[in-house]
Amino acid sequence: MTVSEFKTHLQSVDQLIFQQPNGQVVPLHFHITEMGLTTKHFVDCGGTTRTEAHASLQIWVAEDYDHRLSPDKLIGIIDMATPLLQAQNPEVEIEYQTDTIGRYALDFKQGKFVLMPKQTDCLAKETCMPEIASLPLSAANNCAPGSGCC
């Protein structure tokens, strides 16, 4: 979900509900402690230089149980951070701590913002794993010892 899509959904709800991947709701007294542009500049395993950017929002739960962040207030936070986005409309990434700080993509279902697990992937399959890139997805996921895929 991009920042503009997120703001559109925020305008359609009366209260903010973030649902974790396990189905549990983030406690409603959460805070958004920061929002900004997170940029990752890296070289993939095939030698290609890449850049990724996300609008990062950090959710923090404190012990002030009466706190409730409204959708309008969150839109205001996003608007304050908009200059940091450098005229981009990046995907939103949510940081939320359970056992460790998790980074999640965001979806919107039935009036709730759903934290979606993110997955790692090889970005250069054609270069560093050509035998895997040419296999059907089901075969590529069944890496056998000695096959050269891992």
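Below is a summary of the structure that appears in this document. Here the structure is a predicted model, which means the values were calculated and not measured.

**Here we look at the overall build of the protein chain**
A count of helices and strands for the protein chain gives 5 helices and 6 strands. Overall, the protein chain shows an N-to-C arrangement of helices and strands of α-β-β-β-α-β-β-β-α-α-α. A buried classification covers 35% of the 150 residues belonging to the protein chain. Long-range contacts, defined as pairs at least 24 residues apart, comprise 62% of the intrachain contacts of the protein chain with a sequence gap of at least 6. For the protein chain, the accessible area works out to roughly 9300 Å², and carbon and sulfur atoms hold 51% of it.

**As for the nonpolar core**
Ranked by internal contacts, the top residues of the largest apolar core, which has 29 residues, are Phe6, Phe18, Leu74, Ile94 and Leu106. Those elements that place two or more of their residues in this core are α1 (3-10), β2 (30-43), β3 (49-61), α2 (71-81), β4 (91-97), β5 (101-109) and β6 (112-117). It is α2 that contributes the most residues to this core, 5 residues altogether. Setting aside residues no more than four positions away along its own chain, Phe18 makes contact with Phe6, Gln24, Val25, Val26, Phe30, Ile59, Ile94, Leu106, Phe113 and Leu115.

**A short note on the layout of surface pockets**
Vacant regions in the atomic arrangement are exposed by a probe of water-molecule size rolled over the atoms. Volume-wise, the largest pocket comes out at about 420 Å³. What lines the largest pocket is a set of 15 residues, and nearest its centre among them are Lys40, Glu52, His54, Lys118 and Gln119. Top contributing element to the lining of the largest pocket by residue count: β4, with 3 residues. Looking at side-chain class alone, the lining of the largest pocket contains 5 nonpolar, 3 polar and 7 charged residues.

**Looking at the pattern of salt bridges**
All chains considered together, the criterion is met by 6 salt bridges. Ionic pairing is found between Lys7 and Asp79, a salt bridge with its closest N-O pair at 2.5 Å. Taken together, the positions of Lys7 in helix α1 and Asp79 in helix α2 put the pair 72 residues apart, joining distant regions of the chain. You can call Lys7 partly exposed: its relative accessible area is 21%. The residue Asp121 makes a salt bridge to Lys125 at a minimum N-O spacing of 2.5 Å. Here Lys125 falls in the partly exposed class, since its relative accessible area comes to 26%. One network of salt bridges, with partners in common, ties together Glu93, Arg103 and Lys118.

Thresholds applied
Residues numbered from 1 in each chain as written. Predicted model: local features only at pLDDT ≥ 70, side-chain atom pairs only at ≥ 80, totals over all residues. Heavy atoms only, no water. Helix = DSSP H or I, 4+ residues; strand = E, 2+ residues; numbered from the N terminus. Buried < 20%, exposed > 50% of the residue type's maximum accessible area, 1.4 Å probe, protein only. Contact = heavy atoms within 4.5 Å. Areas by Shrake-Rupley, 256 points an atom, 1.4 Å probe, with all protein chains shown as cover. Core = buried A, V, L, I, M, F, W, Y, C linked by side-chain atoms within 4.5 Å. 1 Å grid on protein atoms, 1.4 Å probe; cavity = no way out; pocket = protein on both sides within 12 Å on 5 of 7 lines; lining within 4 Å. Points joined across faces, edges and corners; volume = space filled by probe spheres on them. Nonpolar A, V, L, I, M, F, W, Y, C, P; charged D, E, K, R; others polar. Salt bridge = Lys/Arg side-chain N within 4 Å of Asp/Glu carboxyl O.

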